[in-house]
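# Structural features, examined
Each chain, letter by letter, is given below.
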Amino acid sequence: MARDDEALITRLLTTPLDDLMAEARACRDTRHGPLTPARMTYSPKVFIPLTRLCADVCHYCTFATTPSRLESPYLSEDEVLAIARAGAAAGCKEALFTLGDAPERRYAAAREWLAERGFARTIDYVRHCAGRVLEETGLLPHVNAGVLDEEDWRMLRPVAASVGLMLESTSDGLMDKGMCHHGSPDKVPAVRLASLAAAGRAKVATTSGVLIGIGETARERIEALVALRDLHGGHGHLQEIIVQNFCPKPGTKMSGAIEASGADFLRTIAAARIVLPPEVSVQAPPNLNDERLAELIEAGIDDWGGISPVTQDHVNPEAAWPEIARLEAICAKAGMPLVERLTVYSRFVEESGWLDPAIRPAVLRLADSEGLGRDSSWSPGMAQATPGSVHAPLGRRYQGPVASRIHRILDRAAGGGGLGEDEIAALFATRGAAAQAVVEAADALRAQVSGNDVTYVVNRNINYTNICTHACSFCAFSKTSSKAGLRDKPYNLDLAEISGRAREAVERGATEVCLQGGIHPSYTGDTYLAILRAVKDACPSLHVHAFSPLEVSQGARTMGMPVSDYLAMLRDAGLGSLPGTAAEILCDDIRAQICPDKLTTGEWLDVVGTAHRVGLPTTSTIMFGHLESPQHWARHLLELRRLQLDTGGITEFVPLPLVHMEAPFYRKGLSRRGPTWREAVMMHAVARLALHGAIGSIQVSWCKLGMDGAAAVLAAGANDLGGVLMDESISRAAGASHGQLADVADMRAAAQGVGRRLRQRTTLYKDVVADVMA
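Residue positions are given per chain, counting from 1 as you read along its sequence in written order. Totals for whole chains, interfaces and linings use all residues, but because this is a predicted model, local features are given only for residues with pLDDT of at least 70 and pairs of side-chain atoms are given and counted only at 80 or more. Where side-chain values are given, they derive from all heavy atoms of the structure, hydrogens and water being excluded.

### Quick word on the environment of D746
A run of DSSP states H or I qualifies as a helix once it reaches four residues; a run of E qualifies as a strand once it reaches two. Both are numbered from the N-terminal end. Mapped onto the secondary structure, D746 falls in helix 28 (residues 744-753). For the exposure calls, accessible area comes from a 1.4 Å probe over protein chains only, and a residue counts as buried if that area is under 20% of its type's maximum, exposed if over 50%, partly exposed in between. On the basis of relative accessible area, D746 is assigned to the partly exposed category, the value being 43%. Spatially, the C-alpha atom of D746 lies 41 Å from that of A556, the residues being 190 residues apart in sequence.

What follows is the structure, encoded as structure tokens:
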């Protein structure tokens, strides 16, 4: 062993326990960076004990048994699916397959049962059942199948999001006669380390751990942690290390053994956090330590492992799972909100090469923007009620301490001086009481900037064509042929139809018409000018809010002139402002994936900035909830802030959550299901804080969130409900169910629900003398 490791082990064994735990907490609390708040995770799971037969005879185990004590050597496929379906109905996301090591090596009954069903080995049956659970329930299998070789690990990749193999110990002495692993060839430390290394080569996210109190020494516990650290250093595949305390069980050879002391257990947990790299989580089983859960948090853990609302812990059936509400309260008191995760940790969702393409769609369906578990079944555009309300925008009121570093960021934001990228990302990452503090700070800032008015504009959307030469992977609106799309056919409105719709809008009290469309192959700069003139000729006083930066760029290119000259032509022809759409995510790494043939970030910013310089104001937007991360959101907001401080031409910021249902990349399994409700709320709240001093109006999209959802967001930093949007069609094409026209009475009710007054405005936030639609 290296000299440095010798010194480390000595220090971990001799440092006073309180000091060691303090060091471990410091490591844990900054493992995601100095600003990102700490949190505790767990995986809601079902436990599927596929077989209780095992080739080994560990002296502490009550899970493994003999064929004579079982009705069947294995659960049937129907039994497996029944357990999985019950878990899915209860909100689980993980299907934990636990079984003994290769029982067919020991029992003829196992070999015969498998052969009758066409399987040569237990692991082949595991793979088959995991595939059925994945396909038929959407749960993500996590497979604990014992020692496997690299080929078997690779075989599991398409059907298992993650796998597990406890190292338990590196002590060869545990194999001796009279010791716990005597007669269990799969428990030879070198064999288990080799299998774990094979999992790394196979590129599967892997859980491992140590079992303490089974006859090993204190030094051997640390040596096992160091071995796991080194193993991870070679492959990067360990997602979590479980520090599990042995509990003697009646009826076993070790029923009278003395378990490790509480101090030894806490020391091992703290040592694990200090030894392991930050990206590897440290877990301790809560059901085996119900009386000291707070102590485990103090020792440095950041994960509770899988907890089931449906099934017992079949390995430790005497130990019931703790209630989630109680666990959440204990975590909140420690300043660590309890958050659902997936069986596969977020790093492996975000980094390429880990998830097999066959299982990635199922992971993305359950994942939020950080690769953690979605907080509800809600998605933008769905008809179901939103989780939040005007009284509790996040869905409930949270209690607990909030880290001082979050308060410092909020204070800086309120001062208007601007935040850094990591500070903004840290606000997006808040959960629980810290997220509530962000929402409350945003609402207070909204009151300071916008007062008690909720504004809206009476407008009509005219999308003059849905034919588009671009292939944006998120867009369900654009069509390229009569066979494209699921809800609409291609169309191209003529000038008479466009001007007629504008006149109808004015007759119905509109002060604005919003004109946008796909990038039609036959459209030129003259086409956009003709559309604009047709509307202005028909309705001279109507404000025309038209043409995305992409359309402007297209128009300028086809006329062979600079963007600035073309924008001046549009201005002189009567254009009043531009929608800041086509922004999507202002980060080129994401744009390359979702809209590779669209404007780059720099080109979009250049068109919008040029518009401001020729006297045309614009809105600004973000389209979020697909492939991007909160870090991308932070960069996007900073790009808008810098532009606004330079030009001053942005009237408002409009978050546009992805409506996923008909989005092509979602239907191909390449995207998330839009933002979660928490993320939708936090986008508006954090935008209010990050853009303070630059952009004063934050708009909420009722056609994405529904009017009740929009009302809730009005209590989280938003001040504007946007337009009534007669004939809104882009959200509807994507699958949204919130209609094509907002009733002003509903808008007024939303405003009154947060104790504010509804006020009609113009496009440029001037007062309208008469509320003609009220």
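Right, picking up where we left off after that structure.
### With respect to the sheet that holds strand 11 (residues 459-463)
Here 4 strands make up an open sheet; going across it, the order is 11-12-13-14 and the pairing parallel. Lying at the two open borders of the sheet, with one neighbouring strand each, are strand 11 and strand 14 (575-577). Across the sheet, the mean angle separating the axes of adjacent strands is 35° when strand polarity is ignored. Strands pair, by our definition, only if DSSP identifies at least two bridges between them. As paired elements, strand 13 (residues 543-546) and strand 14 share 2 bridges and run parallel to each other. Residue pairing for strand 14: V544 is matched across the bridge by L575. Only the stretch in contact is used when a helix axis is fitted, and all axes are lines through C-alpha atoms; the angle between N-to-C directions ranges over 0 to 180 degrees.

### Comments concerning the packing of helix 22 (residues 601-613) against helix 23 (residues 630-647)
Relative orientation and spacing of two packed helices are given, respectively, by the angle between their axes and the distance between those axes. Between helix 22 and helix 23, the least distance of the axes is 10 Å, while the angle of their chain directions is 25°. By the angle between their directions, the pair helix 22 and helix 23 is classed as roughly parallel. Relative to helix 23, the crossing made by helix 22 is right-handed. Contacts between helix 22 and helix 23 involve T601, W604, L605, V608, G609, H612 and R613 on the former and, on the latter, E639, L640, L643, D646 and T647. When residues are sorted by character, Ala, Val, Leu, Ile, Met, Phe, Trp, Tyr, Cys and Pro go into the nonpolar class, Asp, Glu, Lys and Arg into the charged class, and all the rest, Gly among them, into the polar class. Tallied by class, the residues present in the contact of helix 22 with helix 23 amount to 5 nonpolar, 4 polar and 3 charged. Throughout, the term roughly parallel applies to angles under 35 degrees, roughly antiparallel to angles over 145, roughly perpendicular to angles from 65 to 115, and oblique to all others. Crossings are classed by handedness, with left-handed meaning an anticlockwise turn of the near helix from the far one by less than a right angle and right-handed meaning a clockwise turn. Residues are treated as being in contact if the distance between any of their heavy atoms lies within 4.5 Å.

### Focus on unusual backbone geometry
If you check the backbone angles, F547 has positive phi at about 75° while not being a glycine. Position of F547 among the secondary structure elements: in the loop between strand 13 and helix 19 (549-558). Owing to a relative accessible area of 1%, F547 belongs among the buried residues under this scheme. For Y765, which is not a glycine, the phi torsion comes out positive at approximately 65°. Along the polypeptide, Y765 turns up in the segment after strand 18 (757-760).

### Let's talk about a negative patch on the surface
For patch building, the residue pool is restricted to those with more than 30% relative accessible area and no salt bridge; the joining distance is 9 Å between like charges and 5 Å between nonpolar side chains (Val, Leu, Ile, Met, Phe, Trp, Tyr). Exposure was quantified through the Shrake-Rupley algorithm and a 1.4 Å probe, taking into account, for residues, occlusion by the shown protein chains and nothing else. Here a salt bridge means any side-chain nitrogen of Lys or Arg lying within 4 Å of a carboxyl oxygen belonging to Asp or Glu. Counted as positive: Lys and Arg. Counted as negative: Asp and Glu, with His and the chain ends omitted from the count. Where a charge sits is defined by one atom per residue type, namely NZ (Lys), CZ (Arg), CG (Asp) or CD (Glu). Among the surface-exposed residues, D588, D589, E603 and D606 lie close enough to one another that they form a single negatively charged patch. Relative to the helices and strands, E603 resides in helix 22.

### A look at the pairing of strand 10 (residues 453-457)
Burial of strand 10 is extensive: 5 of the 5 residues sit out of reach of the surface. Neither face of strand 10 is open: one carries D453, T455 and V457, the other V454 and Y456, and all of them are buried. Pairing geometry for strand 10 and strand 17 (residues 720-723), over 2 bridges, is parallel. Within strand 17, the position partnered with V457 by the bridge is G723.

### Focus: helix 9 (residues 262-275)
With 14 residues, helix 9 should reach 20 Å at 1.5 Å per residue; the first-to-last C-alpha distance of 20 Å fits that figure. Of all the 14 residues making up helix 9, 11 are buried; the element is thus mostly covered by neighbouring parts of the structure. Burial in helix 9 covers these residues: F265, L266, R267, T268, I269, A270, A271, A272, R273, I274 and V275. Residue count minus one, scaled by 1.5 Å, sets the expected span of a helix.

### Quick notes on the packing of aromatic side chains
Pairs were defined over the aromatic rings of Phe, Tyr and Trp, the Trp ring being its six-membered one, requiring ring centres within 6.5 Å. Orientation was assigned from the angle between planes: stacked under 30 degrees, edge-to-face over 60, tilted for the rest. Scanning the entire structure with this criterion turns up 12 aromatic pairs. Taking 5.0 Å as the distance between ring centres and 90° as the angle between the ring planes, the aromatic pair formed by F348 and W354 counts as edge-to-face. Neither residue differs from the other here; F348 and W354 are each classed as buried. When the centroid spacing of 5.8 Å and the interplanar angle of 85° are considered together, the rings of F624 and W633 count as edge-to-face.

### Observations concerning the side chain of E551
Within the secondary structure, E551 is located in helix 19. In this structure E551 is buried but unpaired, with K598 as the nearest side chain of opposite charge at 9.7 Å. A polar atom in the side chain of E551 sits 2.4 Å from the side chain of Y464. At a separation of 3.2 Å, a polar atom in the side chain of E551 contacts the main-chain amide nitrogen of G517. The contact partners of E551, leaving out residues within four places of it in the chain, are Y464, Q516, G517, G518, I519 and Y528. In the analysis that follows, any N or O atom pair within 3.5 Å is treated as a polar contact, provided that within protein one partner can donate a hydrogen and the other can accept it, and provided that, for residues neighboring in sequence, both atoms belong to side chains.

### Things to note about the packing of helix 19 against helix 22
At a minimum axis distance of 9 Å, the contact between helix 19 and helix 22 shows a crossing angle of 85°. Judged by the inter-axis angle, helix 19 sits roughly perpendicular to helix 22. Seen from helix 19, the contacting residues are P549, V552 and S553; seen from helix 22, they are W604, V607 and V608. A per-class count over the contact of helix 19 with helix 22 returns 5 nonpolar, 1 polar and no charged.

### Describing the state of the cysteines
Counting rule for disulfides: a pair of cysteine sulfur atoms within 2.5 Å. Under the defined criterion, the tally for this structure stands at 0 disulfides. Not part of a disulfide, C129 finds its nearest cysteine sulfur in C54, a span of 18 Å. We classify C129 as buried; its relative accessible area is 1%. Here C468 stays free of any disulfide, with the sulfur of C472 as its closest cysteine sulfur at 6.3 Å.

### What to know about the pairing of strand 3 (residues 140-144)
When you tally the buried positions in strand 3, you get 4 out of 5 residues, the bulk of the element. By the bridge criterion, 2 bridges tie strand 3 to strand 4 (residues 162-164) in an arrangement that is parallel. Among the inter-strand pairings, H142 is bridged to a residue of strand 4, identified as S162. For the handedness criterion, the β-α-β arrangement of strand 3, helix 6 (residues 150-156) and strand 4 is classed as right-handed. Looking down the strands as they point away from you, a crossover is right-handed if its path from the first strand over the helix to the second goes clockwise.

### Things to note about the sheet that holds strand 10
What the 3 strands build is an open sheet, ordered 17-10-18; its pairing is parallel. Two strands lie at the open edges of the sheet, namely strand 17 and strand 18, each paired on one side alone. Strand-to-strand twist in this sheet, taken as the mean axis angle between neighbours without regard to direction, amounts to 20°. In this structure, strand 10 lies alongside strand 18, joined through 4 bridges in parallel fashion. Bridge pairing links Y456 to Q760 in strand 18. The strands touched by helix 28 within the sheet are strand 10, strand 17 and strand 18, with strand 18 carrying the most contacts at an inclination of about 135°.

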